[in-house]
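So the chains spell out like this:
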Amino acid sequence: MKEVWRKLLCKNIELQLVGTLNGGQSFRWKKILKDDKDEWVGVFRNKLWILQQEEDYILYKVLGGSDKSENSEQTLRDYFQLDLKLEDHYPIWSEKDPYFKEAAKQFYGIRILNQEVTENVFSFICSSNNNISRISSMVEKLAKFYGKEICEYNNEMYYAFPEVENLADDSVEKKLRDNGFGYRAKYINRTAQIIVENGGKKWLEKLRNMEYIDSKKNLMTLTGIGAKVADCICLMSLGHLQAIPVDTHIYQIAKRLYMPKLHQQKTVTDKIYNEIGDHFRELYGPLAGWAHTVLFCADLKKFQGNNEKEDTNTKPKKKNKK
DNA sequence: TTTTGGCCTGACGG
DNA sequence: ACCGTCAGGCCAA
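These figures come from a predicted structure and were not determined experimentally. (Residues numbered from 1 in each chain as written. Chains lettered and ligands numbered in written order. Predicted model: local features only at pLDDT ≥ 70, side-chain atom pairs only at ≥ 80, totals over all residues. Heavy atoms only, no water.)

Caption draft 1: Molecular detail of the protein's contact with DNA strand C. Close contacts around DNA strand C come from 25 residues, with Gly24, Phe124, Tyr183, Gly224 and Lys228 the closest. The separation between a base oxygen of DNA strand C and a polar main-chain atom of Gly24 is 2.2 Å. Take Asn129: an N or O atom from its side chain is 3.2 Å from a base nitrogen of DNA strand C. Ranked by residues supplied to the surface near DNA strand C, first place goes to helix H12 (residues 227–237) with four residues. Split into classes, the residues belonging to the surface near DNA strand C amount to 10 nonpolar, 13 polar and two charged. (Near = heavy atom within 4 Å. Polar contact = N/O pair within 3.5 Å; in protein donor to acceptor, adjacent residues only side chain to side chain. Helix = DSSP H or I, 4+ residues; strand = E, 2+ residues; numbered from the N terminus. Nonpolar A, V, L, I, M, F, W, Y, C, P; charged D, E, K, R; others polar.)

Next up, the structure:
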């Protein structure tokens, strides 16, 4: 069953894989080197996807699916929301904001992924007070413990993200706590139970058709979901592209560049949180969440200091201990 | 309404 | 070796 590469026409200014898949939106993608090429390997919509970035197109393979009737190109286009043309929007955002314009030079082709809401909810409950590498390992554990096997690739097994029902069992909290989830174990288990009581995945999907603010309020009734996590979910899996998740990065950026009056402000109160969001919504308009993500990526990369070579403008990190 | 600690864990620097 | 701090917050008081 040798799968062949398929081609999705798409210029790299419309989609930059590294910035989009490695920018803290999804925690399930990783870059591997295979046959001397960079491949992005990740799971979504219950399948394993392998992607390669070329100049004017994306090469892709889908593994672990049985029905051939499905239109995988359409699934991919939907995941990356390719109908929205960045070519139309980057110039507008650049005109409104010189800092955006500067960030956009390196961070072109940054897309908001249209993620599955269940995965998004539980991934971002894991994200609180946490760092990306640990969040990733926690999400992998959720999939491995409670998700279905998809297939093996490159000597590794990949798993679908679990159904809510499987995270709602009473045994889940202890298992997760024993596996290093800390206080988030309870939030995950309890939130799964509440969602099931509310009607399961369907309840989550209904949030897409509500107004942004109502959708957010509903999410915040779940345990472990405050304003920031709710905004992440609104933006990344419910189509509310005006949502602005204000995390510490965005808070620092806002303070430094956009809202100097916050200079003395120590903590992010609800009021300040909303002011920051409103500021960016007024600046960028109805797709503010998308635009802000470009700023976020630029800031994130500065501190992460990239994985390999192309890391020129940050101080060298000595990391090769063994 | 706003502000403060406490919470799990692991990596890092002094 | 050991401690304080930080990492994409949330919650209860």
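Caption draft 2: Main features of the sheet that holds strand S2 (residues 30–34). With antiparallel pairing, five strands are arranged side by side in an open sheet as S1-S5-S4-S3-S2. Strand pairing shows two members of the sheet lacking a second neighbour, strand S1 (6–9) and S2, which therefore form its edges. Taking the axes of each pair of neighbouring strands and ignoring which way they run, one obtains an average angle of 35° across the sheet. With five bridges connecting them, S2 and strand S3 (residues 37–44) associate as antiparallel partners. (Pairing = 2+ DSSP bridges. Axes fitted to C-alpha atoms, helices over the stretch in contact; angles between N-to-C directions.)

Caption draft 3: Region of the structure containing the protein's contact with DNA strand B. Around DNA strand B lies a shell of 10 residues, among which Asn129, Arg134, Arg184, Thr269 and Lys271 are the nearest. Among the atoms of DNA strand B close to the protein, meaning within 4 Å, 57% are from sugar or phosphate groups. Within the side chain of Arg177, an N or O atom sits 3.3 Å from a sugar or linking oxygen of DNA strand B. Here a base oxygen of DNA strand B sits 2.7 Å away from a polar atom, N or O, in the side chain of Arg184. Split by residue class, the surface near DNA strand B holds one nonpolar, four polar and five charged.

Caption draft 4: Region of the structure containing the domain arrangement of chain A. Domain parsing of chain A yields domain 1 (7–113), domain 2 (117–237) and domain 3 (248–299). In this structure, domain 2 and domain 3 have C-alpha centres spaced 26 Å apart. The contact between domain 2 and domain 3 buries some 360 Å² in all, and 58% of this surface belongs to carbon and sulfur atoms. Three residues, Tyr212, Ala227 and Leu235, lead the burial of domain 2 against domain 3; their summed loss comes to 67% of the area buried on that side. (Domains from an automatic or database assignment. Buried area = accessible area lost by both parts, 1.4 Å probe.)

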